[in-house]
Amino acid sequence: METRKVGSSRRRTTEAPRYRDALVSYVDILGFRALLNGKHDGPGDIRKKVLEVHRHLLHEDDEGAGIVDIAFSDTVLSVSFLPGPTDYHPGVLYQALFHLHLAQIELLGQGILIRGGLALGGVFIDSSRDVWFGPGIVSAYELETNADFPRIVLDGGLPRAFDENAALRSKHNTHAEEAKFVRDLVKRDVDGMAYIDPFSTDPGLFDDGLAGMMGFYQSVRRHLVDAASRYAEKPSVLRKYAWLANRYEATVSKLPEVVREGLSLSDTEFPGLRRVV
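Enquirer: Would you explain the side chain of Arg-115 in this entry?
Expert: Note that Arg-115 resides in strand E5 (residues 114-126). In this structure the side chain of Arg-115 is engaged in a polar contact, spanning 3.1 Å, whose partner is the side chain of Glu-144. Apart from the residues within four sequence positions on either side, Arg-115 is in contact with Tyr-26, Val-27, Asp-28, Leu-30, Glu-144, Thr-145, Ala-147, Asp-148, Phe-149 and Arg-151.

Enquirer: Just to check I follow, could you spell out the packing of aromatic side chains for this structure?
Expert: The description of two aromatic rings rests on the distance between their centres and on the angle between their planes. Counted under the stated rule, the structure contains 15 aromatic pairs. Ring geometry for Tyr-19 and Phe-133: centres 6.1 Å apart, planes at 80°, overall edge-to-face. One end of the pair, Tyr-19, is in the loop between strand E1 (3-4) and strand E2 (20-29); the other, Phe-133, is in strand E6 (residues 131-133), and 114 residues separate them in sequence. Seen in terms of ring centroids, Tyr-231 and Tyr-241 are 5.5 Å apart; in terms of plane orientation they differ by 20°. Their pairing is stacked. Here Tyr-241 lies in helix H8 (residues 235-252) and Tyr-231 lies in the loop between helix H7 (210-230) and H8, a separation of 10 residues in the sequence. Owing to a relative accessible area of 16%, Tyr-231 belongs among the buried residues under this scheme. Owing to a relative accessible area of 15%, Tyr-241 belongs among the buried residues under this scheme. Among the aromatic residues, those joined into a ring-pair cluster are Phe-199, Phe-206, Phe-216, Tyr-217 and Tyr-248. Directly above the aromatic system of Phe-81 lies the positively charged group of Arg-20, at a separation of 4.1 Å from the ring centroid.

Enquirer: Sorry if this is basic, but what is going on with helix H3 (residues 92-108) here?
Expert: Residues three or four positions apart in an α-helix share a direction because the helix packs 3.6 residues into each turn. Over its 17 residues, H3 runs 24 Å from end to end, which matches the ideal 24 Å to within 8%, given 1.5 Å per residue. Burial of H3 is extensive: 12 of the 17 residues sit out of reach of the surface. Along H3, the residues that are buried comprise Val-92, Leu-93, Ala-96, Leu-97, His-99, Leu-100, His-101, Ala-103, Gln-104, Ile-105, Leu-107 and Leu-108.

What counts and how
- Residues numbered from 1 in each chain as written.
- Predicted model: local features only at pLDDT ≥ 70, side-chain atom pairs only at ≥ 80, totals over all residues.
- Heavy atoms only, no water.
- Helix = DSSP H or I, 4+ residues; strand = E, 2+ residues; numbered from the N terminus.
- Polar contact = N/O pair within 3.5 Å; in protein donor to acceptor, adjacent residues only side chain to side chain.
- Contact = heavy atoms within 4.5 Å.
- Phe/Tyr/Trp six-rings, centres within 6.5 Å; stacked < 30°, edge-to-face > 60°.
- Buried < 20%, exposed > 50% of the residue type's maximum accessible area, 1.4 Å probe, protein only.
- Lys NZ or Arg CZ within 6 Å of the ring centre and 35° of its normal.
- Expected span 1.5 Å × (residues − 1).

As structure tokens, then:
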């Protein structure tokens, strides 16, 4: 098992074991079992995808940040401990959402679909012995299990917690400002679940600006067309790509006509595509 730990939680403590409030994300590659049993990817290709997932989801070393990561197989579990009353408040919820948002963009552009859950709950970690457990981890895992599609879904209790718990918000922004930052990254799906929207992006997130954003959309389009052909005889897999294609199409259809040319999916390229407006 590969592990990587970040922040003050790596230090051993003589305190009695207790749960600490934390934001927990549990993310893995969607369809990893099919990937292992498939004919298209060998061990070398799978290794590359797993390492890309680790690279974009694991946090960089930041002593004192209160973030702890562990990576095993295709899964990355991240724990962001909430700051105390006298600690620096960086805006833990927004930071977690934005980190996952960027990871989705990077991985989708490579054709790697991920699924996950983000939950709030108690966590205990003894990093010296790799002992991790707590209600927060269980909740994030259950959300990931029920996400079904290539999306990272949010615990239904997070909106209320955000309003009531200042530890989730940045001290540098008003409540309304921070709430807008969060809303810009999250959408409500047709089944009522809130998820991090990988297409709620703007040119400023890309090194090449608008050209980089258009390149991202073109890469996603290319992978969707390839999936429609590759999984034409596997409806259980294709429906997951159809979910993504619907959200992709809903996004590019709202782009200015001058930039969206060549981005839309045709019914020939993705048969049965149900456009979501």
